[in-house]
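Given next are the chains, with one letter for each unit.
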Amino acid sequence: INKIIIYYMELFQKYHNDQTFNIRLIGKSKPISINAETQLNPKDYISSNNSGKNVYFRPDGKNAYKFILVDLDNNPNNKILTDIKAISFLGVETSKGHFQFWIYAQTKNWNEYVIISKYLADKFKGDIGATHKKQVGRMVGTRNMKANRDKFLVKVIHTNNKLPSLNTKDINKLSED
């Protein structure tokens with residue numbers, strides 16, 4: 001599991017070497033912050049996950065508002081999945097028919113993050129409730145402990161090492177579709 005998490009973090013760090021990452025354990029009062037130099041001990045959160053707590057992940061630090069999460073909880077069709085994969089650098093299946101995609105955008109602050117996040121959620125028929133600033137995503141390699149999710153193992157389903165990045169021109173093109 002540690003190798004999966006290290007890969008996951010390295011994918012985000014291709015954008016910003018100065019990124020730190022928050023791992024949040026639901027039920028814990030303070031997130032665990034890690035970075036590339038941190039000796040990550042999976043026991044810190046895996047044991048909590050095994051005892052029924054969900055584990056979430058979020059890039060933190062400088063330019064963290066450039067990492068937008070789009071949460072698709074509506075069993076999206078193949079066209080939606082194909083279209084969002086074209087603009088995302090990471091896709092995660094969080095339970096059967098439920099996905100989260102990470103998109104890197106040229107946003108300048110958290111206000112722009114929220115505007116683009118809401119637009120993308122609407123465009124891809126995603127969860128508009130998951131568009132607030134500092135939105136967290138499920139941690140790969142942990143189990144989804146939400147009711148009716150059968151302790152689904154969260155897994156990567158898509159990566160794009162070409163590192164697509166949305167800029168204003170891309171967003172305007174999307175809005176024409």
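Residues numbered from 1 in each chain as written. Predicted model: local features only at pLDDT ≥ 70, side-chain atom pairs only at ≥ 80, totals over all residues. Heavy atoms only, no water.

Engineer: Sorry if this is basic, but what is going on with the environment of Lys-155 here?
Structural biologist: Among the secondary structure elements, Lys-155 is positioned in strand 10 (residues 155–159). Between the C-alpha atom of Lys-155 and that of Thr-94, which follows or precedes it by 61 residues, the distance is 6.8 Å. For Lys-155, the residues in contact, after removing those within four places along its chain, are Gly-91, Val-92 and Glu-93. (Helix = DSSP H or I, 4+ residues; strand = E, 2+ residues; numbered from the N terminus. Contact = heavy atoms within 4.5 Å.)

Engineer: What's the story with the nonpolar core in this structure? I'm lost.
Structural biologist: Looking at soluble globular proteins, one finds that nonpolar side chains tend to be buried together. In terms of nonpolar packing, the biggest core is built from 32 residues, with Ile-68, Val-70, Leu-72, Ile-84, Trp-102, Leu-120 and Phe-124 touching the most fellow members. Sorting the residues of this core by element identifies helix 2 (43–50), strand 3 (55–60), strand 4 (67–72), helix 3 (78–87), strand 5 (90–95), strand 6 (98–105) and helix 4 (110–123) as the ones contributing at least two each. Ranked by residues supplied to this core, first place goes to strand 6 with six residues. Ignoring sequence-local partners within four residues, the contact set of Val-70 consists of Ile-84, Phe-99, Gln-100, Phe-101, Ile-103, Leu-120 and Ala-121. (Core = buried A, V, L, I, M, F, W, Y, C linked by side-chain atoms within 4.5 Å. Buried < 20%, exposed > 50% of the residue type's maximum accessible area, 1.4 Å probe, protein only.)

Engineer: How should I be thinking about helix 4 in this particular structure?
Structural biologist: One full turn of an α-helix is made of 3.6 residues, so residues set three or four places apart face in the same direction. A rise of 1.5 Å per residue sets the reference length of helix 4, with its 14 residues, at 20 Å; its end C-alpha atoms lie 20 Å apart and thus fit the reference within 8%. Buried residues of helix 4: Trp-110, Tyr-113, Ile-116, Ser-117, Leu-120 and Ala-121, and no others. For helix 4, the angular spread of buried residues about the axis comes to 140 degrees, placing them on one side. Opposite the buried face of helix 4, by more than 90 degrees, sit the exposed residues Asn-111, Ile-115 and Asp-122. N-cap assignment for helix 4: the residue whose side-chain oxygen lies 3.0 Å from the backbone N of Asn-111 is Asn-109. (Expected span 1.5 Å × (residues − 1). Arc of directions from axis to C-beta. Polar contact = N/O pair within 3.5 Å; in protein donor to acceptor, adjacent residues only side chain to side chain.)

Engineer: Mind showing me how you'd approach the packing of aromatic side chains here?
Structural biologist: Any pair of aromatic rings gets described here by the distance separating the centres and the angle formed by the planes. Using the criterion set out here, one finds six aromatic pairs in the structure. Ring centres of Trp-110 and Tyr-113 lie 5.1 Å apart, and the angle between their planes is 65 degrees; this geometry places the pair in the edge-to-face category. Note that Trp-110 and Tyr-113 are positioned in helix 4 at a spacing of three residues, about one turn of the helix. Overall, the relative accessible area of 0% leaves Tyr-113 in the buried class. Put simply, the rings of Tyr-65, Trp-110 and Tyr-113 pair up and form one aromatic cluster. (Phe/Tyr/Trp six-rings, centres within 6.5 Å; stacked < 30°, edge-to-face > 60°.)

Engineer: What exactly am I supposed to notice about the pattern of salt bridges here?
Structural biologist: Pairing between side chains of opposite charge can happen when the charged atoms of each approach one another. Overall, the coordinates contain two salt bridges when judged by the stated rule. The shortest N-O distance in the salt bridge between Lys-79 and Asp-83 comes to 2.7 Å. Linking Lys-79 with Asp-83, this pair stays in helix 3, spanning four residues, or about one helical turn. Among the salt bridges present, the one from Lys-155 reaches Glu-93, with a minimum N-O distance of 3.7 Å. You can see Lys-155 sitting in strand 10 and its partner Glu-93 sitting in strand 5, a full 62 residues away along the chain. With relative accessibility at 40%, the residue Lys-155 sits in the partly exposed group. (Salt bridge = Lys/Arg side-chain N within 4 Å of Asp/Glu carboxyl O.)

Note that every value here comes from positions in space, so none of it alone points to a role or purpose.
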